[in-house]
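# Observations on the model geometry
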Amino acid sequence: MLFHNITYNIDVNSEQDFLDWMRNTHVPNVMMTGFPKSFKILKLLTEIDNGGVTYSFQYFFDSIEGFEVFENDYLDDLNDAVDKRYRGKYVFFPSLLQDIS
């Protein structure tokens, strides 16, 4: 199983709007592509004081092939939607992880 992890650090003044929008709009749009099989939303508790709050959004994929289709066909538009709404109020970094347990 593969995990596409996207870690966002969002400005504290936008935190609640960001979390609501991600839960109610963005994550459902990601899941509607049909490629991720499930997801988790995690909040970083060991935050250093940097004026932001950090969340991790993890999407689970069955195969690298499914992730590659998702990445090539959907990911740019999904990322653009976040950027249009929160430009200048967040930073993010994505990573792709493999479960080896």
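The structure we're discussing is the one just above.
These lines cover the structure that appears in this document, whether it is placed above or below.

Below, the discussion takes up the environment of L75. With respect to the helices and strands, L75 occurs in helix α2 (residues 64-86). Taking C-alpha positions, L75 is 10.0 Å from T33, a pair spaced 42 residues apart along the chain. Non-local contacts of L75, meaning those with residues more than four positions away in its chain, are made with H4 and F70.

This part covers the packing of helix α1 (residues 15-32) against α2. The description of two helices packed together rests on the angle between their axes and the distance between the axes. Where α1 contacts α2, the axes come no closer than 12 Å and their chain directions differ by 160°. By the angle between their axes, α1 is roughly antiparallel relative to α2. Crossing angle aside, the handedness with which α1 passes α2 is right-handed. Side by side, α1 and α2 meet where D17, F18, W21, M22, H26, N29 and V30 of the first sit next to F70, L78, A81, V82, R85 and Y86 of the second. Across the contact of α1 with α2, the residue classes break down as 9 nonpolar, 2 polar and 2 charged.

This brings us to the sheet that holds strand β4 (residues 90-98). The strand order across the open sheet built from 4 strands is β2-β3-β1-β4, with neighbouring strands paired in antiparallel fashion. Either end of the sheet is taken by a strand with one partner, and the two such strands are β2 (38-43) and β4. Strand-to-strand twist of the sheet, defined as the mean angle between neighbouring strand axes without regard to direction, takes the value 15°. Bridging between strand β1 (residues 2-11) and β4 involves 9 bridges; their strand directions are antiparallel. Each residue of the ladder has a partner; that of Y8, found in β4, is F92. Sheet strands in contact with α1 are β1, β2 and β3 (52-61), and its direction is about 10° off that of β3. Contacts from α2 reach β1, β3 and β4 within the one sheet, and its direction differs from that of β1 by about 10°.

Rules used in this analysis
Counting restarts for each chain: residues are numbered from 1 in the order of the written sequence. Under the rules for a predicted model, residues below a pLDDT of 70 receive no local features and side-chain atom pairs below 80 are neither given nor counted, while totals for whole chains, interfaces and linings still include all residues. In computing side-chain values, all of the structure's heavy atoms are included and hydrogens and water are not. Comment: elements are numbered from the N terminus, with helices defined as DSSP H or I runs of at least four residues and strands as E runs of at least two. Whether two residues touch is decided by their heavy atoms; if any such pair falls within 4.5 Å, the residues are in contact. Interaxial angles span 0 to 180 degrees and are taken between N-to-C directions of axes, which are lines fitted to C-alpha atoms, for helices over the stretch in contact. Angles below 35 degrees are treated as roughly parallel, those above 145 as roughly antiparallel, those between 65 and 115 as roughly perpendicular, and all remaining angles as oblique. Note: crossing handedness is left-handed where the near helix turns anticlockwise from the far helix by less than a right angle, and right-handed where it turns clockwise. The residue classification treats Ala, Val, Leu, Ile, Met, Phe, Trp, Tyr, Cys and Pro as nonpolar and Asp, Glu, Lys and Arg as charged. All others, Gly included, are polar. For two strands to pair, DSSP has to find at least two bridges joining them.

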